[in-house]
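Residue-level structure breakdown
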Amino acid sequence: SCKNPQERRFDDDQRFEAARALAFAGHYQDALTILAAADAPEDPRILNYTGFALRKSGETQAAMTYYRRAFAADPDYNLARSYMGQALIDQGKPEAAKAQLAEIRARGGRDTWAYASLKHALQGKSGY
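These numbers come from a predicted model, not from an experiment.

Structural notes on the environment of Phe-52
- You can see Phe-52 is positioned in helix H3 (residues 44-56).
- A relative accessible area of 2% means that Phe-52 is categorised as buried.
- Expressed as a C-alpha distance, the spacing of Phe-52 and Ala-114, which sit 62 residues apart in the sequence, is 13 Å.

Encoded structure:
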């Protein structure tokens, strides 16, 4: 059964995991509702997945703001850079996406899922 995400018995880790699962399942509005209830709304994970859900629901400009806030909070949070790069590809800005890929690599993320996912998206393969 559905639970109220604002209930205090849920911590941000649980909210994050639930929102992430919902977003990957295509339930973007539900994910956004859960993320909005976070106790630490400036947590890079919360910001990044808010951006992800917004981007996937067609609100790319709003998503970009959340991605920037995520890596402003943690410059080494490369998943936000990867998702931002994928949004840039969707906007027809592959050079800007390549800059995010280079930034991920420069921050030690070459052997990460974030790097591989953006690299595949730049090659025209499926991304997130």
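Moving on, there is more to tell.
Digging into the pattern of salt bridges
- Overall, the coordinates contain nine salt bridges when judged by the stated rule.
- As a salt-bridge pair, Asp-12 and Arg-15 come within 3.0 Å of each other at their nearest N and O atoms. Residue Asp-12 and its partner Arg-15 are located together in helix H1 (residues 12-24), separated by three residues, close to a single helical turn. One exposure class covers both Asp-12 and Arg-15, and it is buried.
- Through salt bridges with shared partners, one network takes in Asp-12, Arg-15 and Asp-39.

Some remarks on the environment of Ala-40
- As for its position among the elements, Ala-40 is in the loop between helix H2 (28-36) and H3.
- Residues Ala-40 and Asp-11 lie 29 residues apart in sequence; the distance between their C-alpha atoms is 9.7 Å.
- Sequence-distant contacts of Ala-40, defined by excluding residues within four places in its chain, comprise Asp-12 and Ile-46.

Focus on the packing of aromatic side chains
- Summed over all chains, the structure comprises seven aromatic pairs.
- Taking the centre distance of 5.9 Å and the plane angle of 85° together, the rings of Tyr-49 and Tyr-83 count as edge-to-face. You can see Tyr-49 sitting in helix H3 and its partner Tyr-83 sitting in helix H5 (residues 78-90), a full 34 residues away along the chain.
- Note on Tyr-83: relative accessible area 0%, which makes it buried.
- Positioned above the aromatic ring of Phe-16, the side-chain terminus of Arg-45 is 4.7 Å from the ring centre.
- One residue, Arg-81, lies across the ring of Phe-71, its end atom 4.0 Å from the ring centre.

Examining the packing of H3 against H5
- Interaxial distance between H3 and H5 falls to 10 Å at its minimum, and their mutual angle equals 20°. Here H5 runs roughly parallel to H3, going by the angle between their axes. Of the two possible hands of crossing, H3 and H5 adopt the one that is left-handed. Each of Asn-48, Tyr-49, Phe-52 and Arg-55 in H3 lies in contact with H5, whose residues at this interface are Leu-79, Ala-80, Tyr-83, Gln-86, Ala-87 and Asp-90.
- Residues belonging to the contact of H3 with H5 are distributed by class as follows: six nonpolar, two polar and two charged.

Focus: the confidence of the model for the chain
- Per-residue confidence for the chain averages 92 on the pLDDT scale, and 92% of its residues sit at or above 70.
- Between the elements of the chain, mean pLDDT differs from a low of 94, seen in H1, to a high of 98, seen in helix H6 (residues 94-106).

Thoughts on a positive patch on the surface
- On the surface, Arg-105, Arg-110, Lys-119 and Lys-125 cluster together into a patch of positive charge.
- Mapped onto the elements of the fold, Lys-119 is located in helix H7 (residues 113-122).
- Given a relative accessible area of 36%, Lys-119 falls into the partly exposed group.

Each value, and the rule that gives it
The residue numbers shown here count from 1 along each chain, following its written sequence. Where local features are concerned, this predicted model is filtered to residues with pLDDT of at least 70; where side-chain atom pairs are given and counted, the filter is 80 or more; whole-chain, interface and lining totals use all residues. Hydrogens and water are ignored here; the side-chain numbers use all heavy atoms of the structure. Labels follow the DSSP assignment, with helices taken as runs of H or I lasting at least four residues and strands as runs of E lasting at least two, numbered in each case from the N terminus. Each residue gets one of three labels from its accessible area relative to the maximum for its type: buried under 20%, exposed over 50%, partly exposed in between, using a 1.4 Å probe on protein chains only. Salt bridges are identified by distance alone: a Lys or Arg side-chain nitrogen within 4 Å of an Asp or Glu carboxyl oxygen. Contacts are assigned to residue pairs that have any heavy atoms within 4.5 Å of one another. Aromatic contacts are taken between Phe, Tyr and Trp rings whose centres are within 6.5 Å, Trp giving its six-membered ring; a plane angle under 30 degrees counts as stacked, one over 60 as edge-to-face, and the others as tilted. Geometrically, a lysine NZ or arginine CZ counts as sitting over a ring once it is within 6 Å of the ring centre and also within 35 degrees of the ring normal. Every axis corresponds to a line fitted to the C-alpha atoms, with the helix fit spanning only the stretch in contact, and the corresponding angles, defined between N-to-C directions, vary from 0 to 180 degrees. Comment on the angle field: the value is read as roughly parallel under 35 degrees, roughly antiparallel over 145, roughly perpendicular from 65 to 115, and oblique elsewhere. Each helix crossing is assigned a hand: it is left-handed if the near helix lies turned anticlockwise from the far helix by less than a right angle, otherwise right-handed if that turn is clockwise. Only Asp, Glu, Lys and Arg are considered charged, only Ala, Val, Leu, Ile, Met, Phe, Trp, Tyr, Cys and Pro nonpolar, and every remaining residue, Gly among them, polar. Confidence of the predictor at the level of single residues is captured by pLDDT, which takes values from 0 to 100. Patch members must show over 30% relative accessible area and no salt bridge, and they are joined within 9 Å when carrying like charges or within 5 Å when they are nonpolar side chains of Val, Leu, Ile, Met, Phe, Trp or Tyr. For accessible areas, the Shrake-Rupley method is used with a probe of radius 1.4 Å. Any residue's cover is judged against the shown protein chains and nothing else. Positive charges are assigned to Lys and Arg, negative charges to Asp and Glu, while His and the chain termini are left out of the count. To locate a charge, take NZ of a lysine, CZ of an arginine, CG of an aspartate or CD of a glutamate.

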